[in-house]
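Residues per chain, in single letters:
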Amino acid sequence: MPDYLKQIFLFNQDAPLIFTQMYFWGFFLVVLLFYSFLYKSKPVRNTYLWLVSMFFYYKTGGLFLFILVFCTLADFYIGHAIYRSRTKSGKKGWLALSLASTLLILAFFKYDIFFTETINSLFNTHFHAVNHAASWSNIFLGTRFDIGKLLPPVGISFFTFQTISYTVDVYRGEIKPVDRLTDYGFFVSFFPQLVAGPIVRASQFIPQIYRDYSLSKEEFGQALFMILKGLIKKLFIGDFIAVNFVDRVFSNPGSYTGFENLMGLYGYSLQVYCDFSGYTDIATGLALLMGFRLPRNFNSPYKAKNVGDFWKRWHISLSSWLKDYLYIPMGGNRSASVFTYISLSLVLAFVVLLSGNFLLIPLFSGIILVTGILMYFFPAVRTSVHNNINLMITMLIGGLWHGASWMFVIWGGLNGLGVVIYKFWKKISPWETSDHWASDVLKIFITFNFITFTRIWFRAESMKGTTDLLNQVLFQFGWSAVPEMILAYRNVFVIMILGYILHWLSGSIKEKSMKWFTAIPVYQKVIVSTFVVFVIYQSVSADLQPFIYFRF
Amino acid sequence: MKPSGILLFFTSVFALLFTGAIFFPEHGLQIAGKLRLQFFSKKELFTPEANYYANISSILSQQKYITDSLLLAIADGHTEELIIPGANTDSLISSITRIEYPAHDSTVLWPLFRSLRNLSSSRQLIRIMHYGDSQIEDDRITSLLRNKLQSRFGGSGAGLVPVSQLYPYGYSMKQTSSANWNRFTGFGKLDTAIKHRRYGTLASYCTFAPQNRHAEQDTTTAWVKFSKSPHSYSNTKRFTQCRVFYSQNREPFLNELFQDNILVDADIVPATTRLKVIRWKLDAPGDNLKLTFKGTSSPEFYGIALDGQRGVAVDNIPLRGSSGLFFTRMDQQLMKEMFRELNVKCFILQFGGNFVPSGLHNFDGYENWFASQILQLKKLCPGASILVIGVADMSVKEKNRYITDPNVEKVRDALRNAAFNTGSAFWDMYKAMGGENSMPSWVFADPPLASGDFVHFKPLGAKTIAQMFYNAFILEYHRYENHARQITSNP
């Protein structure tokens, strides 16, 4: 096969298909070309979009496509089996099968190295976590994947969560299973949101599959506006501060002053928001252009006034998924259930295995026993445990979902504590109901700083990285070099300030600019879009910030 | 709005961008001062980014096959008998970036190799000092090299370290010290208040109190504590000898040594203006070691050496921002005495990175300057071998791609010439990494091997490059040993 055809059609792990690559927009143009002929017939349209989504997935994740196809097939048929089952136990059995297979796949790819290492250290064995898919591919397709490294399939957390929501909703009787496999495949793998969300619920998306294509002029404008906004967030702000500042500070925190570490942390808070919400904006815009409405995933999260509020604004589709399929089933804020104790045991088992210290088992048992006794004798303790335990567990599982490491346990735990402490605080806070602007500013300031603080454990590359960072901020701040550092990193800091100003800007200004863009004639939209791409390119092509180590 | 309308919209934007790509100047449009506008070129539009960078996958994958027995076989010239499952022997051999010698004189490092070989029969402690810039901070590169050499030739401990570190030194050993230490450096921007040049072999010294106070004035206490690091190699943790290098104490001071928080020794150290060494032999290293100093006026502390009683010690001496041009500027007598006391047999000099972004185009001056440093070292420490490690690849941006800074090869050549002109050996780190445009491949490797500044290695990358250097080093050692064996068996 000629090289250029290989480049177009074959998977290359160094060049995944992502929205920020020129190749993606070429791909999208081709998708649109055929779409403009096929969009009128719903079954044809859905099948077409499923097929191009599979191609998109293959270009991004290679042969992990088979995992996606497996999940799709399994849950499509299980969904029907649940629906057809007459008995409650039959329905339960099928649901259990669906959950077990999906969660096993998720666990296999996300925690394999952790489990292998744990088994090796416990039983003195020498197993290696081997990427079987990669070794299969190396043998039969001549690829050269590293089989010692098990990268999880791209977007596995997103599509597995979608299939779980589907089978659970069918089980609960909230939706009817989809008739055609192609329609279901399309729901699971629609390419704009396949690899990075938002997580789409069957109940929101499936009805759209059966609707005719429609897109008003306003929606067209809004979709383009979202895409341009997303590209600016991701490339102009996120990538620029990551490449020129944040990444290097986090790769060697001990080599930078406390000031640089602190700025790196604030930079990361902005970067992670710009990256993630920017990507979601693009996904939402793309989906809308093809006539599909995705749920809102971010709602100015750094305007949150408490930690709970933050989680209602950040990655909303994941938070609400965890709420509906984990937190509420465990009993929510009312009481602990059997499911609570199963989840608690799972989390504690993870922590014990992470530490490799079995002395924690009697310790945990002791704590649980004492808490149990206190709960028995003191109703107030019982109520507060019941009100908060599910929340803490949800946050801890949310942390572990990001990976099996202490750092994610700490990150999840801190966020859980943040929400719980706020729940107690709001009962006694004299400012809770105040609508004075100063009180709002203070609440936003505290919440933002707390969330940024917890990100140390989310972003640092190792536990040593977290202690180095804290050590530098507390003891090696480098006050004397601050003016010099601000001057040296002025470009990065200007972009950071600009990013935060844009974020905290009043919603009405953003609204107005979107209205303006929507209202202008199409030819002007063409010019504005080209101009925005040109401006973004200036940031992408800007000289690399030279490395400077300040002496302090 | 129909999909065809959307298609038309995107096609128009693409057409405009493409037209721009055709007509926009390839190297951008200069507007006001440094501000330059850039735009896509046609080539960029159609070539994926990864294709621009050096392919390092074979370099990295071959590392795991290069073992001591392979290196022995290469040294013996018996590679034809080797069968390595899963790898091609010839390509493995060619993947080792060899140490280069002036006029191909491969005996340049033999004095060092002889000292190393003699360690099996002598009870000496010999020393290799690894000087470098920020690339080797926190014992990056040196730590692996030290562990390999100590495992092979004996020896233990982290080597010579300053009393107070610039950064949270924690990879090989956790070092903490009281906040009242002042650190003065003999490289970079010098403190103009310091009128002498006594900086010692670490190019920096520390004090804990003013140096001109008298006995009747207040006393100050300072401490430094070393504890085991969970990241460290076991050899590094097991030091059995502690030496403190100091001079210039106008007044006596009290010195105490605590091992695992138990006082094991205390002494009043008399006043002196000469280089002195306080030394302790330790039976077992313990979990932590704490030294306290109490006095009215502070001596100049040039370093603390934590070593074994015999074998090889390898020091990590990172000098942030330095280009390695400070040796001639420092007090020569003090350097000489310290080198002698430390029994230095080799200097590894790894600089140049700070000269790459200097804005210069000609590096003849740097070459001569660097050569003069080597000559000075040879004078100060006669008989020591010198090995220069060239710069690593460093990237600058050209539009949206990372390319090798055009000065990297020039600085590499200047360092090589300086080494060869002074009869020293040279190892080309840039070539070992994969040469041109290899840094982005190290940065984008999974897991990443270099930092996002496209200059420094990450710990894993530092280990990789250190292993490559060790392979090259030990291959030369095997060749020497082979030769020495033949001479002994056929006198």
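Residues numbered from 1 in each chain as written. Chains lettered and ligands numbered in written order. Predicted model: local features only at pLDDT ≥ 70, side-chain atom pairs only at ≥ 80, totals over all residues. Heavy atoms only, no water.

1. What about a positive patch on the surface?
Residues and elements named next belong to chain A.
- On the surface, Lys312, Lys323, Lys426 and Lys427 cluster together into a patch of positive charge.
- Along the chain, lysine 427 turns up in helix H18 (residues 406-428).
- A relative accessible area of 64% places lysine 427 in the exposed class. (Patch = residues over 30% accessible without salt bridge, like charges linked within 9 Å, V, L, I, M, F, W, Y side chains within 5 Å. Areas by Shrake-Rupley, 256 points an atom, 1.4 Å probe, with all protein chains shown as cover. Salt bridge = Lys/Arg side-chain N within 4 Å of Asp/Glu carboxyl O. Lys, Arg positive; Asp, Glu negative; His and termini not counted. Charge placed at Lys NZ, Arg CZ, Asp CG, Glu CD. Helix = DSSP H or I, 4+ residues; strand = E, 2+ residues; numbered from the N terminus. Buried < 20%, exposed > 50% of the residue type's maximum accessible area, 1.4 Å probe, protein only.)

2. Observations concerning the pairing of strand S18 (residues 395-398) of chain B
All names here are of chain B.
- Here S18 shows a clear split, with Ser395 and Lys397 buried on one side and none of Val396 and Glu398 buried on the other.
- By the bridge criterion, four bridges tie S18 to strand S19 (residues 401-404) in an arrangement that is antiparallel. Of the residues in S19, the one forming a bridge with glutamate 398 is arginine 401.
- Adjacent in sequence and paired antiparallel, S18 and S19 are bridged by two residues, among which lysine 399 carries a positive phi angle near 55°. (Pairing = 2+ DSSP bridges.)

3. Quick word on the domain arrangement of chain B
- As assigned here, chain B comprises domain 1 (3-46), domain 2 (55-155 + 311-491) and domain 3 (156-309).
- Once you take the C-alpha centre of each, domain 1 of chain B and domain 3 of chain B turn out to be 60 Å apart. (Domains from an automatic or database assignment.)

4. Notes on the sheet that holds strand S15 (residues 311-318) of chain B
Residues and elements named next belong to chain B.
- Read across the open sheet, the five strands follow the order S15-S3-S16-S17-S20; overall the sheet is parallel. A single partner strand is all that each edge strand has here, and the edge strands are S15 and strand S20 (425-427). Adjacent strand axes in the sheet meet at a mean angle of 20°, parallel and antiparallel pairs treated alike.
- When strand S16 (residues 344-350) meets strand S17 (residues 385-389), the two strands line up parallel, connected through five bridges. Counted as the bridge partner of isoleucine 348 is leucine 387 from S17.
- Packing against the sheet, helix H7 (residues 142-153) makes contact with strand S3 (125-132), S15 and S16, and its axis sits at approximately 175° to S15.
- On top of the sheet, helix H10 (residues 364-380) reaches S16 and S17; it is set at about 155° to S17, its chief contact. (Axes fitted to C-alpha atoms, helices over the stretch in contact; angles between N-to-C directions. Contact = heavy atoms within 4.5 Å.)

5. With respect to the pattern of salt bridges
- Scanning all chains against the criterion turns up 30 salt bridges over all chains.
- Among the salt bridges present, the one from lysine 305 of chain A reaches aspartate 440 of chain A, with a minimum N-O distance of 3.6 Å. Pair noted here: lysine 305 of chain A is in the loop between helix H12 (258-289) and helix H13 (307-313) and aspartate 440 of chain A is in helix H19 (residues 437-459), with a separation of 135 residues, a long-range link.
- The class of lysine 305 of chain A is partly exposed, set by a relative accessible area of 35%.
- Through salt bridges with shared partners, one network takes in Arg127, Arg243, Arg279, Asp307, Asp315 and Glu341 of chain B.

6. Brief notes about the confidence of the model for chain B
- The predicted model of chain B has a mean per-residue pLDDT of 88, with 95% of residues at 70 or higher.
- The complex model carries a pTM of 0.85, and its ipTM stands at 0.87. (pLDDT = per-residue confidence, 0-100.)

7. What about the packing of aromatic side chains?
- One pass over the full model with this rule turns up 106 aromatic pairs over all chains.
- Relative to phenylalanine 9 of chain B, the ring of phenylalanine 220 of chain A lies with its centre 5.5 Å away and its plane at 90°, an arrangement referred to as edge-to-face. Here phenylalanine 220 of chain A is found in helix H11 (residues 217-251), whereas its partner phenylalanine 9 of chain B is found in helix H1 (residues 3-23) on a different chain. Taken individually, phenylalanine 220 of chain A and phenylalanine 9 of chain B each receive the classification buried, so the pair is uniform in this respect.
- Ring centres 5.9 Å apart and planes at 65° place the aromatic pair phenylalanine 534 of chain A and phenylalanine 24 of chain B in the edge-to-face group. Within this pair, whereas phenylalanine 534 of chain A is found in helix H24 (residues 522-540), its partner phenylalanine 24 of chain B is found in the loop between H1 and strand S1 (29-30), the two belonging to separate chains.
- The exposure class assigned to phenylalanine 24 of chain B is buried, which follows from its relative accessible area of 19%.
- The ring of tyrosine 23 of chain A has lysine 59 of chain A lying over it, and the distance from NZ or CZ to the ring centre is 4.9 Å.
- The ring centre of tryptophan 314 of chain A lies 4.7 Å from the NZ or CZ of arginine 455 of chain A, which sits over that ring. (Phe/Tyr/Trp six-rings, centres within 6.5 Å; stacked < 30°, edge-to-face > 60°. Lys NZ or Arg CZ within 6 Å of the ring centre and 35° of its normal.)

8. Re helix H16 (residues 360-377) of chain A
Residue and element names in this part refer to chain A.
- Between its first and last C-alpha atoms H16 spans 26 Å; for 18 residues at 1.5 Å apiece the expected length is 26 Å, and the two agree.
- All of the buried residues in H16 are Leu360, Phe364 and Met375. Projected down its long axis, H16 shows its buried positions confined to an angular sector of 40°, all on one face. Exposed positions of H16 whose direction lies more than 90 degrees from the buried face are Leu369, Tyr376 and Phe377.
- Check the buried side of H16 and you find it contacts helix H15 (338-355) and helix H17 (379-401). (Expected span 1.5 Å × (residues − 1). Arc of directions from axis to C-beta.)

9. Overview of a nonpolar patch on the surface
All names here are of chain A.
- A cluster of nonpolar side chains, contributed by Leu369, Val370, Ile373, Leu374, Tyr376, Phe377 and Phe378, occupies part of the molecular surface with about 760 Å² of accessible area.
- Position of isoleucine 373 among the secondary structure elements: in helix H16.
- Residue isoleucine 373 is classed as partly exposed on the basis of its relative accessible area, which comes to 44%.

10. Some words on the sheet that holds strand S13 (residues 288-295) of chain B
All names here are of chain B.
- The five strands lie next to each other as S5-S8-S13-S10-S11, forming an open sheet whose pairing is antiparallel. Sheet topology places strand S5 (174-177) and strand S11 (262-269) at the edges, where each strand pairs with a single neighbour. In this sheet, adjacent strand axes meet at a mean angle of 15° when their direction is disregarded.
- Bridge count between strand S10 (residues 253-259) and S13: six bridges; the pairing is antiparallel. Looking at the pairing, asparagine 255 lines up with phenylalanine 293 of S13.

11. Some thoughts on the interface of chain B and chain A
- Between chain B and chain A, the contact holds 62 residues from the first and 57 residues from the second.
- Both sides together, the interface formed by chain B and chain A hides about 5,000 Å², and carbon and sulfur atoms give 66% of it.
- On the chain B side of the interface with chain A, the three residues burying the most area are Met1, Phe9 and Arg320 of chain B, jointly 14% of the side's total.
- In this structure, the salt-bridge partner of aspartate 138 of chain B is lysine 464 of chain A, at a minimum N-O distance of 3.2 Å.
- Secondary structure elements with two or more residues in the side of chain B that touches chain A: H1, strand S2 (36-37), helix H2 (42-46) and S18 of chain B.
- The biggest single contributor to the side of chain B that touches chain A is H1 of chain B, with 12 residues.
- Looking at the side of chain B that touches chain A residue by residue, the class counts come to 30 nonpolar, 18 polar and 14 charged. (Buried area = accessible area lost by both parts, 1.4 Å probe. Nonpolar A, V, L, I, M, F, W, Y, C, P; charged D, E, K, R; others polar.)

12. Focus: the side chain of aspartate 393 of chain B
Residue and element names in this part refer to chain B.
- Mapped onto the fold, aspartate 393 is located in the loop between S17 and S18.
- One buried charged residue, aspartate 393, remains without a salt bridge, the closest side chain of opposite sign being arginine 412 at 9.6 Å.
- Reaching out from aspartate 393, the side chain makes a polar contact with the side chain of threonine 404 at a distance of 2.9 Å.
- Among the polar contacts made by the side chain of aspartate 393, one reaches the main-chain amide nitrogen of methionine 439 at a distance of 2.8 Å. (Polar contact = N/O pair within 3.5 Å; in protein donor to acceptor, adjacent residues only side chain to side chain.)

13. Overview of the nonpolar core
- Within the largest apolar cluster, 120 residues are counted, with the highest numbers of intra-cluster contacts made by Phe28 and Phe187 of chain A.
- Examining the composition of this core, we find that nine residues originate from one element, helix H7 (residues 156-171) of chain A, more than from any other.
- Those residues in contact with phenylalanine 28 of chain A that sit more than four places away from it in its chain are Phe191, Leu286, Leu289 and Met290 of chain A together with Phe10 of chain B.
- Grouped together as the second largest cluster of nonpolar side chains are 64 residues, Leu71, Phe113, Leu119 and Ala484 of chain B included. (Core = buried A, V, L, I, M, F, W, Y, C linked by side-chain atoms within 4.5 Å.)

14. So, the side chain of serine 85 of chain A
- Secondary-structure assignment places serine 85 of chain A in the loop between helix H4 (65-84) and helix H5 (88-123).
- Among all residues touching serine 85 of chain A, those that are not within four sequence positions of it are Gly90, Lys91 and Trp94 of chain A.

15. Observations regarding the state of the cysteines
Residues and elements named next belong to chain B.
- All told, the structure shown has zero disulfides over all chains when counted by the stated rule.
- The thiol of cysteine 242 is not disulfide-bonded; the next cysteine sulfur, from cysteine 206, is found 15 Å away.
- A residue is classified by how much of its surface remains accessible, and cysteine 242, at 0% relative accessible area, is buried. (Disulfide = S-S within 2.5 Å.)

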